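If you want the building blocks of each chain, they are given just below.
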Amino acid sequence: MSLRPTTVTSYAECSARQRLALLLDAGSFHEWLPPAERVTSPHLAQLGLPCAFDDGVAVGRAALEGRSVFVAAQEGAFMGGGVGEVHGAKLVGMLRRAVRDRPDAVLLLAESGGVRLHEGNAGLIAVSEVMRALLDVRASGMPVVVLIGGANGCFGGMGIVAACADHIVMSDVGRHAMSGPEVIEASGGVEEFDARDRSLVWRTTGGKHRYLLGDCDQLVDDDVQAFRAAATRALDQRRPLTLTALEAEHRLLSARLAAAHDEADAFELWRRLGITHPEQVPDRSVRDIGVWVASRRKEVA
Amino acid sequence: MSMAPGVDVLDFELPGSKAVAAFEPILVGVVGSGNLEVLLEPQSTPTCRFQVETSARGFGAIWEAVVRDFQQRHSLSGVQVSIHDMGATPAVVALRLAQAIAELPRAQP
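1. A word on the overall build of chain A
In step 1: Secondary structure summary: chain A contains eleven helices and seven strands in total.
In step 2: The C-alpha radius of gyration computed for chain A amounts to 19 Å, which stays within 12% of the reference 19 Å derived for 301 residues, consistent with globular compactness.
In step 3: Principal-axis analysis of the C-alpha atoms places the extent of chain A at approximately 55 × 45 × 45 Å.
In step 4: By residue count, 48% of the 301 residues in chain A fall in the buried class.
In step 5: The contacts in chain A between residues at least 6 apart in sequence include a share of 72% that link residues at least 24 apart.

2. Concerning the sheet that holds strand β4 (residues 105-110) of chain A
Residue and element names in this part refer to chain A.
In step 1: Pairing is mixed across the open sheet formed by seven strands, whose spatial order is β1-β2-β3-β4-β5-β6-β7. This sheet does not close on itself; its edge strands, each paired only once, are β1 (30-32) and β7 (218-220). Across the sheet, the mean angle separating the axes of adjacent strands is 20 degrees when strand polarity is ignored.
In step 2: Strand direction decides the pairing type here: strand β3 (residues 67-74) and β4, joined by five bridges, are parallel. Within β4, the residue paired with Ala 73 across the bridge is Leu 109.
In step 3: Lying on the sheet, helix α1 (residues 16-23) is in contact with β2 (57-64), β3 and β4; it crosses β3 at an angle near 160 degrees.

3. As for the environment of Met 86 of chain B
In step 1: You can see Met 86 of chain B is positioned in the loop between β7 (79-85) and α2 (90-102).
In step 2: Judged by local crowding, Met 86 of chain B falls into the buried class, with 22 C-beta atoms found within 10 Å.
In step 3: Along the primary structure Met 86 of chain B and Glu 53 of chain B are separated by 33 residues, whereas in three dimensions their C-alpha atoms are 8.7 Å apart.
In step 4: The contacts of Met 86 of chain B, once residues within four sequence positions are left out, are Pro 50 of chain A together with Val 31, Gly 32, Ser 33, Gly 34, Asn 35, Leu 36 and Ser 55 of chain B.

4. Describing the sheet that holds strand β1 (residues 8-15) of chain B
Where strands meet in a sheet, backbone hydrogen bonds hold them as pairs that are either parallel or antiparallel.
Residues and elements named next belong to chain B.
In step 1: The sheet built from five strands is open, its strands ordered β1-β5-β7-β4-β3 with mixed pairing. The open sheet has two free edges, formed respectively by β1 and β3 (26-29), since each of these has just one partner strand. Going across the sheet, the axis of each strand differs from the next one's by a mean of 15 degrees, ignoring polarity.
In step 2: Across four bridges, the pairing between β3 and strand β4 (residues 36-42) is antiparallel. The residue bridging Ile 26 from the neighbouring strand is Leu 40, located in β4.
In step 3: Packing of helix α1 (residues 60-74) onto the sheet brings it into contact with β1 and β5 (47-54), and relative to β1 it is tilted by some 30 degrees.
In step 4: Where α2 meets the sheet, it contacts β3 and β4, and its direction lies at approximately 35 degrees from that of β4.

5. Quick word on the interface of chain A and chain B
In step 1: Every contact between the two is made by 18 residues of chain A and, on the other side, 18 residues of chain B.
In step 2: Residues of the side of chain A that touches chain B, tallied by class, amount to 13 nonpolar, four polar and one charged.

6. Notes on the pairing of β4 of chain A
Residues and elements named next belong to chain A.
In step 1: Taking burial as the measure, the six residues of β4 include six buried ones, the bulk of the element.
In step 2: Each parallel crossover has a hand, and the one from β3 via helix α2 (residues 85-101) to β4 is right-handed.
In step 3: Two strands pair when backbone bridges link them, and β4 and strand β5 (residues 144-148) are joined in this way by five bridges, in the parallel orientation. Each residue of the ladder has a partner; that of Val 106, found in β5, is Val 144.

7. Description of the environment of Thr 205 of chain A
Residues and elements named next belong to chain A.
In step 1: Summarising the element assignment, Thr 205 is placed in helix α6 (residues 198-205).
In step 2: Among the residues examined, Thr 205 registers 23 C-beta atoms within 10 Å and is labelled buried.
In step 3: Once the C-alpha coordinates of Thr 205 and Arg 233 are considered, the two residues, 28 residues apart in sequence, prove to be 24 Å apart.

8. So, the confidence of the model for chain B
In step 1: The predicted model of chain B averages 93 in pLDDT, with 94% of residues at 70 or higher.
In step 2: As a predicted assembly, this complex carries a pTM of 0.93 together with an ipTM value of 0.91.

9. Here we look at the environment of Gly 16 of chain B
Residue and element names in this part refer to chain B.
In step 1: Counting through the fold element by element, Gly 16 comes out in the loop between β1 and β2 (18-19).
In step 2: When the 19 C-beta atoms within 10 Å are taken as the criterion, Gly 16 is described as partly exposed.
In step 3: In this structure the C-alpha to C-alpha distance between Gly 16 and Ser 75, which are 59 residues apart in sequence, comes to 4.3 Å.
In step 4: Residues in contact with Gly 16, not counting those within four places in the same chain, are Thr 47, Cys 48, Gln 71, Ser 75, Leu 76 and Ser 77.

10. A few points about unusual backbone geometry
Residues and elements named next belong to chain A.
In step 1: In the Ramachandran plot, Leu 33 falls in the positive-phi region, its phi being about 50 degrees despite a non-glycine side chain.
In step 2: Counting through the fold element by element, Leu 33 comes out in the loop between β1 and β2.
In step 3: Within the chain, Arg 38 stands out as a residue other than glycine whose phi angle is a positive 55 degrees.
In step 4: Relative to the assigned elements, Arg 38 resides in the loop between β1 and β2.

About the criteria used
Residues numbered from 1 in each chain as written. Chains lettered and ligands numbered in written order. Predicted model: local features only at pLDDT ≥ 70, side-chain atom pairs only at ≥ 80, totals over all residues. Helix = DSSP H or I, 4+ residues; strand = E, 2+ residues; numbered from the N terminus. Rg over C-alpha atoms; globule rule 2.2 N^0.38 Å. Buried ≥ 20, exposed ≤ 12 C-beta atoms within 10 Å, placed from the backbone. Contact = placed C-beta atoms within 7 Å. Pairing = 2+ DSSP bridges. Axes fitted to C-alpha atoms, helices over the stretch in contact; angles between N-to-C directions. Nonpolar A, V, L, I, M, F, W, Y, C, P; charged D, E, K, R; others polar. Right-handed = clockwise from strand over helix to strand, strands pointing away. pLDDT = per-residue confidence, 0-100.

As structure tokens, this is what we get:
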């Protein structure tokens, strides 16, 4: 694939394969089960749906600034990045191989609405296997870094998978949550959550919100090279997988729940976190938000 | 009128005169609404073979017209073109085919 990067290439606009080509060291990606192998979904044809040669995910090994990485990239344009049986098995295989072959890190270029509902239980089981395999990689001492910046965001089962990782990089257009906006509206009603209110959606699930709350470790502009730099910085950012770390995470979540006890909107939550002009957050640049969070973390430390 | 769920599978094999130099499989496009993916692979027979799986059923004659038009202009030999389609229009199909062959090594003189 011949791609000539210009100064800024939107990460969100790229396909999964374009991201791999531009984010990793040039020509270093070696794919396992490439499209020509035709390892495709055994379920979709029965439903009248065409399959994809790669079942919506490319997995393999590569180099990032010369360091060895195993990597997976989900294609959001194919069934919303939904995790089907084969898609999930490819992720699990890559993660298990990482435990065996010990690269410096594992990168997940996540873009997914979660389980591919067309494949029912097979997809659900696949996602749970991905979580277990990811935690096995962490337990073996390798960091797992998740990059979220695709138009479909990272939701459902893949939202949980991302939260299991050591390090999350998001762009301000990226979104990360459990239930997606439409799912919340469908189950809770439009009074609970208006999925068509884009401002509400982004201040509830978007990169800036996740970064301000501490769920995301690096916030970057929607630029493939910014993601590359952030992923490189994350290569050694291991987070201990211990009971103490888990308890600390639970304390953080309890504190957040307490701060949002009255179902506060994100604006109010940001104010409670100490942001003096929360209404300005959506218009602030990624750089401004980064400066604010850095100074705030220094104060707390 | 009812139709059992499934996808249409179409197969066209057309003669060609321009042999293509050895190449690694080429994939372009993504299977999405109104879109398709095209996989080019070398094959030993001196023809161009098109294998299409499409969710838009009953358009075999239009597919045949599109691939015949393509082959009339390019006359590829030794190439297999595999397509997964989700209701792309003939114009989109033609563009994807053009994108795929733009990535082929230059045809041997």
